[in-house]
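The primary structure of each chain is shown beneath.
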Amino acid sequence: MTNNFRIGMIVPSSNTTMETEIPAMLRAREEIRPERFTFHSSRMRMQKVTPEELTAMDNDSLRCAAELADARVDVMDYACLVAIMSQGLRYHATSEPKLAQVAKEESGEDIPVLSSAGALTEALAHLGVKKIAVVTPYMKPLTETVCNYIEHEGFSVVDSLSLEVPDNLEVGRLDPQNLLEHVKKVDTSDADALVLSACVQMPSLPVLDTVQQQFDIPVVTASAATTWRILNRLGLDPVVPRAGALLAP
């Protein structure tokens, strides 16, 4: 018998990538595993990737959790990495149980809640890496915030590249093929892993497998880490074809 799962996503209103890449990865998984998935989103208003808008958006996440609880989703993801990381170190450990409590109050059920921020650091820990190189679309101050957050979780960021795109909609329009050139500008000589996209809005899935084949270290993205964590929280085999070392079958 095929098991069907509802995936809930809390996303910024200007995000156009999470609802593309996570479904694409889980559809690819359907090539090799029997489970099937549907996808359901609730949106928080955000246009510019600034600290002020990120804070306002995060305040709206509780409403989104309540809305997704109405759909009785099987798992819920807070799909904005920098919104979590900009609120303070280890904020994912505060946000996730808070959203889960709202979901339980609304539905009467324990709905697993994760965040893309927590998923990325958990995925890196799972891979057993310590030193990473990072590519982000953010302005340099926000990239520094993300790197500091990751380092506080026990990793060392040996190099980072900021593409400096402040408009979140424009981030979603970035050509993922350009990442093939961007990674050449990142020093990975002392890195145990490469985070190809430390942002769930910056498209990367179309080139993730290609970049992985060019490196002998794991190549991870925020979206791939989120997919890995979703599958783990559902108790499913965390494998997806063509999605980097983390999800390799």
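The shown structure was predicted, so the numbers you read here are calculated from the model rather than taken from an experiment.

The rules behind each value
Residues numbered from 1 in each chain as written. Predicted model: local features only at pLDDT ≥ 70, side-chain atom pairs only at ≥ 80, totals over all residues. Heavy atoms only, no water. UniProt positions renumbered as here; feature names shortened; annotations may be inferred. Buried < 20%, exposed > 50% of the residue type's maximum accessible area, 1.4 Å probe, protein only. Contact = heavy atoms within 4.5 Å. Helix = DSSP H or I, 4+ residues; strand = E, 2+ residues; numbered from the N terminus. Pairing = 2+ DSSP bridges. Axes fitted to C-alpha atoms, helices over the stretch in contact; angles between N-to-C directions. Polar contact = N/O pair within 3.5 Å; in protein donor to acceptor, adjacent residues only side chain to side chain.

So, about the UniProt feature "active site" (unreviewed entry) in the protein chain. UniProt annotation of "active site" (unreviewed entry) refers to Cys 80 and Cys 199 when read in the numbering used here. On the basis of their most widely separated C-alpha atoms, the annotated residues across 120 residues gather in one place, lying no more than 7.4 Å apart. For Cys 80, a relative accessible area of 5% translates into the label buried. What Cys 80 contacts, discounting residues up to four positions off in sequence, is Pro 12, Met 57, Ser 116 and Val 200. Among the structural elements, Cys 199 can be located in the loop between β7 (193-197) and α10 (205-214). Judged by its relative accessible area of 5%, Cys 199 is buried. What Cys 199 contacts, discounting residues up to four positions off in sequence, is Pro 137, Tyr 138, Val 171 and Ala 222.

Strand pairing in a sheet takes place through backbone hydrogen bonds and is either antiparallel or parallel in direction. Judged by pairing direction, the sheet is parallel, and its four strands sit side by side in the order β2-β1-β3-β4 without closing on themselves. The strands lining the two open edges of the sheet, one partner per strand, are β2 (36-44) and β4 (113-115). Direction aside, the axes of adjacent strands within the sheet are offset by 25 degrees on average. In this structure, strand β3 (residues 75-78) lies alongside β4, joined through three bridges in parallel fashion.

Here the focus is the side chain of Ser 14. Of note, Ser 14 is situated in the loop between β1 (4-12) and α1 (18-29). Taking the relative accessible area as the measure of exposure, Ser 14 reaches 9% and is therefore buried. Only 2.8 Å separates the side chain of Ser 14 from the side chain of Asn 168, close enough to count as a polar contact. With residues near it in sequence (within four places) discarded, Ser 14 still touches Met 46, Gln 47, Asn 168, Leu 169 and Gln 201.

Now for the sheet that holds strand β8 (residues 219-221). Taken in spatial order, the four strands of this open sheet run β6-β5-β7-β8, and their pairing is parallel. Unpaired on one side and paired on the other, β6 (156-162) and β8 mark the two borders of the sheet. The average undirected angle you get between the axes of adjacent strands in this sheet is 20 degrees. Pairing between strand β5 (residues 131-136) and β7: three bridges, direction parallel. Looking at the pairing, Ala 133 lines up with Leu 194 of β7. The strands touched by helix α11 (residues 222-233) within the sheet are β7 and β8, with β8 carrying the most contacts at an inclination of about 80 degrees.

Moving on: the UniProt feature "modified residue: S-(2-succinyl)cysteine" (unreviewed entry) in the protein chain. UniProt feature "modified residue: S-(2-succinyl)cysteine" (unreviewed entry): in the numbering of this structure it lies at Cys 80. Relative to the helices and strands, Cys 80 is located in the loop between β3 and α4 (81-85).

A positive phi angle is found at Arg 72, which is not glycine, with a value near 50 degrees. The residue Arg 72 is located in the loop between α3 (61-70) and β3 in this model. Despite not being glycine, Glu 164 shows a phi value in the positive range, around 55 degrees. Structurally, the position occupied by Glu 164 is in the loop between β6 and α8 (168-172). Judged by relative accessible area, which is 38%, Glu 164 ranks as partly exposed.

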